[in-house]
Amino acid sequence: MAVEENQISLAYAQRMDEEDPLRKYRSQFHFPSQEDGTPFVYLCGNSLGLQPKATKEFVNRELENWKNLGIEGYFHGKNPWLRYHEYLAEAMAKVVGGKPEEVVVMNTLTVNLHLMMVSFFRPEGKRCKILMEADAFPSDRYAVESQLRFHKLDPKDCLITLNARPGEVLLRSEDIKEVIDQNGDEISLILLGNTNYYTGQFYNIKEITKWGHEKGCFVGFDCAHGAGNVPLELHDSGCDFAVWCNYKYLNSGPGGMGSAFVHERHHKDPAMPRFEGWWGQNKERRFLMEDQFDPIPTVEAWQLSCTPIMAMAPIWSSLQLFDEAGFVNLRKKSISLTAYLELLVKSLGEELVEIITPSDLEQRGAQLSIRVKNENKSLFDKITEAGVIVDWREPDVIRVAPAPMYNSYEDVFLFYCILKEALTERQSIDLSSMIKGG
Ligand SMILES: *Cc1c(COP(=O)(O)O)cnc(C)c1O
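Definitions and cut-offs
- Residues numbered from 1 in each chain as written.
- Predicted model: local features only at pLDDT ≥ 70, side-chain atom pairs only at ≥ 80, totals over all residues.
- Heavy atoms only, no water.
- Pairing = 2+ DSSP bridges.
- Helix = DSSP H or I, 4+ residues; strand = E, 2+ residues; numbered from the N terminus.
- Axes fitted to C-alpha atoms, helices over the stretch in contact; angles between N-to-C directions.
- Contact = heavy atoms within 4.5 Å.
- Core = buried A, V, L, I, M, F, W, Y, C linked by side-chain atoms within 4.5 Å.
- Buried < 20%, exposed > 50% of the residue type's maximum accessible area, 1.4 Å probe, protein only.
- Domains from an automatic or database assignment.
- Left-handed = near helix turned anticlockwise from the far one by under 90°.
- Nonpolar A, V, L, I, M, F, W, Y, C, P; charged D, E, K, R; others polar.
- Near = heavy atom within 4 Å.
- Polar contact = N/O pair within 3.5 Å; in protein donor to acceptor, adjacent residues only side chain to side chain.
- Areas by Shrake-Rupley, 256 points an atom, 1.4 Å probe, with all protein chains shown as cover.
- Salt bridge = Lys/Arg side-chain N within 4 Å of Asp/Glu carboxyl O.
- Expected span 1.5 Å × (residues − 1).

1. Overview of the sheet that holds strand β11 (residues 353-355)
- Across the sheet, which stays open at both edges, the four strands sit in the order β11-β12-β15-β14 with antiparallel pairing between neighbours. What marks the edges here is a single partner per strand, and that holds for β11 and β14 (391-393). Neighbour-to-neighbour, the strand axes of the sheet open up by a mean angle of 30 degrees, direction not taken into account.
- Here helix α12 (residues 377-385) sits on the sheet and contacts β12 (368-372), β14 and β15 (397-400); the angle it forms with β14, its principal contact strand, is near 175 degrees.

Set out below in structure tokens:
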């Protein structure tokens, strides 16, 4: 029998990289470098994805079109601007598991969240509450509370939050169900982050949607940490809407545009409450400048303004890579890459680190949230100085996300080495101060 190769070695990581069918995509991204020119180990695609090398060309092409065509760019050139958002719909739909007519790139994430709440938070009588996670991303919380106040409702009475059990950090699915069963008659909208930004926990959105719908609630998801990361199957999940940003796993650049999904069952509802603008208007009639709004019978009806072409070009360039690599292949690699990260981190020992992200593959994506015990931000500063870019969440969590599109097993191994050194170095300092302190 062959001796099993030691997985905790650079040689093992490099061999995994050689066998990786997606390894060629790494060279299609720019990696930030340290002062001496060494590239950083970049494991922060959950906050800001890296720049695809092709992006500059996509943006430049539209600058050229503007330069050479002026207003004619809307109708002429290779990709007329009038239809620009349509060129992205199919590839984006594949990434999130929607139909192309259910998915649109527009605005930014929090803006889209508000637009969706205008449509799907319809407080009436005693059904006037919103259910969300207690530790939702702050922007979502602000958006929800301000929507409640906008409807003259007090968040103290009308916001129900899902909490982990005392002593636990993850939400249990049976607890989510119980809260929905018990409060469903009073809930107008259930809004969850589909992958929690802090713990990396990925919820079963089909199940939650079913529980919510059984109680007559609308159900929507903020997929900021899910899009491009985990299989969402938005259409099949049956959820009413979803929103996400495209600058995290989808690599579209800082402050890049967001996206929205509205299930097709809502597209032709004449009574849909919605904030409207001319880019949602029937495409054949838009330039007739009529007073009567005749909504496009797709999610495009929610568009407000003419497309910001320069902001959308980077998304198109990134989506082409997703389309080419295939989301199923990316997820496959992601599972393996994150499992490797898990194996390495766990080998450091429970007295130093604890992974708070679920170990169940169905409940997580690329990200692992690592609680470093008896440490503070100085540990994070130390590993940054050593050439690793990850992110820190107070009080003691490092979020690490190997993005399958451009990260390697070697990246993960290097991160492990630097973390290990920082943790053990700190330990020896502690030890000596303890000795001195007598
Ligand atoms: C990243 C993120 C945001 C950021 O919202 P923007 O409107 O793009 O600034 C909001 N919510 C969640 C859950 C996020 O992960």
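After that view, the rundown keeps rolling.
2. Looking at the nonpolar core
- Within the largest apolar cluster, 61 residues are counted, with the highest numbers of intra-cluster contacts made by I190, I208, L234, W244 and M405.
- No other element matches the nine residues that helix α10 (residues 309-325) contributes to this core.
- When residues of this core are assigned to domains, at least three map to each of domain 1 (5-46 + 328-437) and domain 2 (58-324).
- Core analysis: the second largest hydrophobic core is formed by 34 residues, L337, V400, F413 and A422 among them.

3. Topic: the packing of helix α2 (residues 55-69) against α10
- Put simply, α2 and α10 touch, their axes get as near as 8 Å, and they point 140 degrees apart. Relative to α10, the crossing made by α2 is right-handed. Between α2, through T55, F58, V59, R61, E62, L63 and W66, and α10, the contact on the second element is made entirely by I309, M310, A313, P314, W316, S317 and Q320.
- Class assignment of the residues belonging to the contact of α2 with α10 gives a composition of nine nonpolar, three polar and two charged.

4. With respect to the site of the ligand
- Every residue close to the ligand is listed here: L109, T110, F137, D140, D222, A224, H225, Y247 and K248.
- Here a nitrogen atom of the ligand and a side-chain polar atom of D140 are 2.7 Å apart.
- Contact between the ligand and K248: an oxygen atom at 2.5 Å from a side-chain N or O atom of the residue.
- In the complex, the protein chains occlude 83% of the 390 Å² of accessible area that the ligand would expose alone.
- Tallied by class, the residues present in the shell around the ligand amount to four nonpolar, two polar and three charged.

5. Quick look at the pattern of salt bridges
- Counted by the stated rule, this structure contains 31 salt bridges.
- Between D154 and K156 there is a salt bridge whose closest N-O contact spans 3.8 Å.
- We classify K156 as exposed; its relative accessible area is 72%.
- Between K210 and E214 there is a salt bridge; the shortest N-O distance is 3.7 Å. Taken together, the residues span about one helical turn, with K210 and E214 both in helix α8 (residues 205-214) at a distance of four residues.
- According to the relative accessible area criterion, E214 is exposed, its value standing at 54%.
- If you follow the salt bridges from partner to partner, you end up with R165, E168, R172, E174 and D175 in one network.

6. Remarks on unusual backbone geometry
- Across the junction of E394 and P395, the peptide omega takes the value 0 degrees, indicating a cis bond.
- Topologically, P395 is positioned in the loop between β14 and β15.
- At N107, a residue that is not glycine, the phi angle is positive and equals roughly 50 degrees.
- Its location among the elements puts N107 in the loop between β4 (103-105) and α4 (109-120).

7. Focus on α10
- Over its 17 residues, α10 runs 25 Å from end to end, which matches the ideal 24 Å to within 8%, given 1.5 Å per residue.
- For α10, the tally of buried residues reaches twelve of 17 residues, placing the bulk of the element in the interior.
- Residues of α10 that are buried: I309, M312, A313, P314, I315, W316, S317, S318, L319, L321, F322 and A325.
- If you follow the buried residues of α10, they end up packed against β1 (29-30), β3 (51-52), α2, α3 (86-96), β4 and α11 (327-346).
- Two residues or fewer past α10, G326 is found with a positive phi of approximately 85 degrees.

8. Thoughts on the sheet that holds strand β5 (residues 129-133)
- The mixed open sheet is built from seven strands, whose spatial order is β4-β10-β9-β8-β7-β5-β6. With partners counted over all chains shown, the strands left at the sheet margins are β4 and β6 (159-162), one partner each. Going from strand to strand, the sheet's axes swing by 20 degrees on average, the running direction of each strand aside.
- As defined by bridge partners, strand β9 (residues 241-245) adjoins strand β10 (residues 258-262) across five bridges and the pair is classed as antiparallel. Pairing of A242 across the sheet is with F261, part of β10.
- This element, α3, spans β4, β9 and β10 of the sheet and lies at about 120 degrees to β4.
- Helix-sheet contacts for α8 involve β7 (187-193) and β8 (218-222), and the interaxial angle to β8 is about 155 degrees.

9. Quick look at the domain arrangement of the chain
- Looking at the assigned domains, one finds that the chain contains domain 1 (5-46 + 328-437) and domain 2 (58-324).
- Each of domain 1 and domain 2 was reduced to a C-alpha centroid, and the two centroids are 31 Å apart.
- At the interface, 27 residues of domain 1 touch 18 residues of domain 2.
- There are one salt bridge connecting domain 1 and domain 2.
- The partner of K24 in a salt bridge is E324, and the shortest N-O contact between them spans 3.5 Å.
- Inspection of the region where domain 1 meets domain 2 yields nine residue pairs in polar contact (both at pLDDT 80 or more).

10. With respect to the pairing of β7
- In terms of residue burial, β7 counts as a mostly covered element, since seven of its seven residues are buried.
- Of the strand pairs in this sheet, β5 and β7 are connected by three bridges, and their pairing is parallel. Note that in β7 the partner of K129 across the bridge is I187.

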